[in-house]
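Here is what each chain is made of, one letter per residue.
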Amino acid sequence: MSQQKIDILEKALKRERLARKAAEKILEEKSLELYQTNQNLSKVLSEKEIQLESLFKTIVDPYILMDLYGNVLKMNNASIDFFGYNIERDSFNVLSTLHKDDYEYAMESFKQLLKEGSFKNFKARVYNKKRELKWIEINSSIVYDDDDKPTFAQGIIRDISDDLKVQKEREELLKKLTISNKELKDFAHVVSHDLKSPLRSMNALVTWLQEDCEPFANEDIKQNFDYLFRKIDKMDHLISGILKYASVDRVEAKKQQTDLAIIVQEIIDTIHIPEHIKIEVSNDLPTIRGDKFRLHQLFQNLISNAVKYSKPENGFIQIDCEEKDEKWKFSIKDNGIGIEKKYHRKIFDIFQTLDDSQSSTGVGLSIVKKILAIYNGKIWLTSEFDKGTTFYFTLPK
Amino acid sequence: MQHLNILFIDDDEIERLKFNRICKQSDYKTTILEAENGEKALKILDKQLPQLIILDLNMPKMNGIEFLNILRKNERLKYIPIVILSSSNNKEDVKKCFEIGISGYLIKPLRYEDYKQTINKLLAYWSANNLLI
Amino acid sequence: MKGIVFTEFLDLVESKFGIETVEQIISESELESNGVYTAVGTYKFTEMASLLTNLSNLTNISPNDLLKVYGLHFFDVLVKNYGSILNMYKTPLELLESIDAHIHVAVRKLYPDAELPYFEVNKDADSKLTMIYHSSRAMYAFAHGLMEKTFEHYNEKATIKYQLLKDDGTTVKFEIIKE
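Quantities reported herein were computed from a predicted structural model and do not represent experimental measurements.

Asks: Which residues make up the overall build of chain C, and what values do they have?
Replies: From N to C terminus, chain C includes six helices and four strands. In chain C, the succession of α and β elements from N to C terminus is α-α-α-α-α-β-β-α-β-β. Buried residues in chain C amount to 30% of all 179 residues. Pairs at least 24 residues apart make up 57% of the contacts formed inside chain C by residues separated by at least 6 positions.

Structural data, given as structure tokens:
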């Protein structure tokens, strides 16, 4: 071999050696890089695991992770408590807990879950390990792998057995209340008719007596007949009052937007207002949500009271309204005879009237109070003897 | 002036007295047949047919609506005009009565004077329009 | 440019023109690496350019012809080292279509500093593909060689035409029609 060739080969060999060393160096660098990346990943992974574990533990609601066949893979403490099964001891499939009537719905919902990726407000009945029946509500979602294929399903479970029980109890109570209300109304109806029948007879008989006694009736006799008639009338009004009072339902009637300005105007137009009495309405009477009929009753009773008890000449009634504390505060003011302080509570009791005249039934204000109670409103008054009375009451917006 | 034969059915004795007295004191010629319940009324109707029946709804044993139904189903009796005189203004009662078929529904007022007026108006109307059977 | 391009190049030169030629072109080019290349290293492209130019002068073969031959040879290197990727594509056209979107993407994942050309691909028909080559290194002849060998590997025949869209060869339009 020529020296030239030897030289060339030596140079090539030298290059190869250097290339090998370079490769080894690169290899070492890469190994170190790999090691560090590994360390970082491990660190991040354990951080994430700790976060997940603590999240898992702190979720108060039962949480389960399952495969797409219902086999539970992961449960938090709350779900172990709820179901009574622990996957560390025995395998557990959610399908086995379902109430048989809810099975089909569960299958349908699961299809929907797979399709949409999430499913909210799934309600069904399940049995726990102790075979106790519970109502649950689940919000669930699908977990996908890197290729976007569904691999697991997870769900957060809410035990709504108690909620449902409470709801049912409320419905029962409402039903009972409605029935008892109707019974009361029917009773009042029957009673009032049965009581009125003898009154009619009495009126007829007293009339005949009066006719028969006419030839020899003196002033006393005439006056006694008068009293008799008045008392019979009064009794009639009282009975009517009871019927009205009993028919003020405690059960909520339909609420609609009611314009109080229109109602008050209706009342002023229809009830008899003597000429010497002037009524002024402030124009800001609002529209509120409520039962038109009851609100009409409420205002009518108060306004007709004001008319009845106002000053005989130059009577003045003012109806006003202002906003206060998220409610409406109304006032009906008259300049009439006033009400003594000692009666301020009593007048709201049924059958209490400060007026002996036969047309007063003593029921009006008690009906007002009953209606206000339904709306959680309050009523009170200020009054000065012979100067006037102002009734204040509140209604919600 | 026509002679009015009226069958008055009411369980309350005073009500029957009232009706009788007012009819007698009125300007019209009337013959009042009284019955205190549906059974007795049917017995009377077996023998004679009045021109008008005045019926109270609220009666023990057979109530007014039952009686109404029996009358309306009876071939012989179903054309007699019936006026209800009742203490009840119950909407359902009124509706039911008109569905079965009545000529009028009056509510008993409290005061005797008002009642007298009502009956007199009733008599005036039926005198003018009465059907001869 | 990745070391493997250099090492395979020099091995090819040695087998076709002899070790003396290798020695010569190394000493004639001013190489920062002094001609020491390892397949896993990374070196400046300008070194390749120098080696290529000097080889061309020495052999009187145009650089592009040299590159084409190298391209045909380099395909086998790819098959040896990354044959599994090739098995993912059933036809040569499928493979060529996927170079930019899949193959080069995978290469960059493994070798983030790899310098690769960019291809604009258009499937004109079931058997016709248009690929526009973009690269500052203008090694389109190398790419041509790779393309031809691809069809050979799948035992298929095709006509590959090319047209320089820029005179310096940095943008070249290839029309590949399968027979």
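Asks: Residue-level account of the sheet that holds strand E3 (residues 118–127) of chain A, with values.
Replies: In a beta sheet, neighbouring strands pair by backbone hydrogen bonds and run either parallel or antiparallel. Residues and elements named next belong to chain A. Overall, antiparallel pairing links the five strands, which are arranged E2-E1-E5-E4-E3 in an open sheet. This sheet does not close on itself; its edge strands, each paired only once, are strand E2 (72–75) and E3. Averaged over all neighbouring strand pairs, the angle between strand axes comes to 30 degrees, with direction disregarded. Inspection of the sheet shows strand E1 (residues 63–67) paired to strand E5 (residues 150–159) by five bridges, in the antiparallel sense. Bridging across to E5, Ile64 finds its partner in Gly155.

Asks: Describe the interface of chain A and chain C, naming the residues involved and giving the relevant values.
Replies: On the side of chain C, nine residues touch chain A, which itself brings nine residues to the contact. Split into classes, the residues belonging to the side of chain A that touches chain C amount to seven nonpolar, no polar and two charged.

Asks: Could you give me a rundown of the interface of chain A and chain B, with the residues and numbers involved?
Replies: Residue-level contacts link 11 residues of chain A with 10 residues of chain B. Tallying contributions element by element places helix H4 (residues 161–213) of chain A first for the side of chain A that touches chain B, with 10 residues. The class makeup of the residues in the side of chain A that touches chain B is three nonpolar, five polar and three charged.

Asks: Go over the sheet that holds strand E2 (residues 128–134) of chain C, please, and point to the residues and values.
Replies: All names here are of chain C. Spatial strand order, E1-E2-E4-E3: four strands in an open sheet with antiparallel pairing. This sheet does not close on itself; its edge strands, each paired only once, are strand E1 (118–125) and strand E3 (158–164). The average undirected angle you get between the axes of adjacent strands in this sheet is 20 degrees. When E3 meets strand E4 (residues 171–178), the two strands line up antiparallel, connected through seven bridges. The residue bridging Ile160 from the neighbouring strand is Ile176, located in E4. Packed on one face of the sheet, helix H6 (residues 140–153) meets E2, E3 and E4 and runs near 170 degrees to E3.

Asks: Which residues make up H4(A), and what are the values?
Replies: An α-helical turn contains 3.6 residues, so any two residues separated by three or four positions project in the same direction. For H4(A), with 53 residues, the first-to-last C-alpha span of 77 Å sits near the 78 Å given by 1.5 Å per residue. Along H4(A), the residues that are buried comprise Ser192(A), Arg200(A), Asn203(A), Ala204(A) and Thr207(A). In this structure, the buried side of H4(A) is in contact with helix H5 (219–246) of chain A together with helix H1 (13–25) and helix H5 (112–129) of chain B.

Criteria and thresholds
- Residues numbered from 1 in each chain as written.
- Chains lettered and ligands numbered in written order.
- Predicted model: local features only at pLDDT ≥ 70, side-chain atom pairs only at ≥ 80, totals over all residues.
- Helix = DSSP H or I, 4+ residues; strand = E, 2+ residues; numbered from the N terminus.
- Buried ≥ 20, exposed ≤ 12 C-beta atoms within 10 Å, placed from the backbone.
- Contact = placed C-beta atoms within 7 Å.
- Pairing = 2+ DSSP bridges.
- Axes fitted to C-alpha atoms, helices over the stretch in contact; angles between N-to-C directions.
- Nonpolar A, V, L, I, M, F, W, Y, C, P; charged D, E, K, R; others polar.
- Expected span 1.5 Å × (residues − 1).

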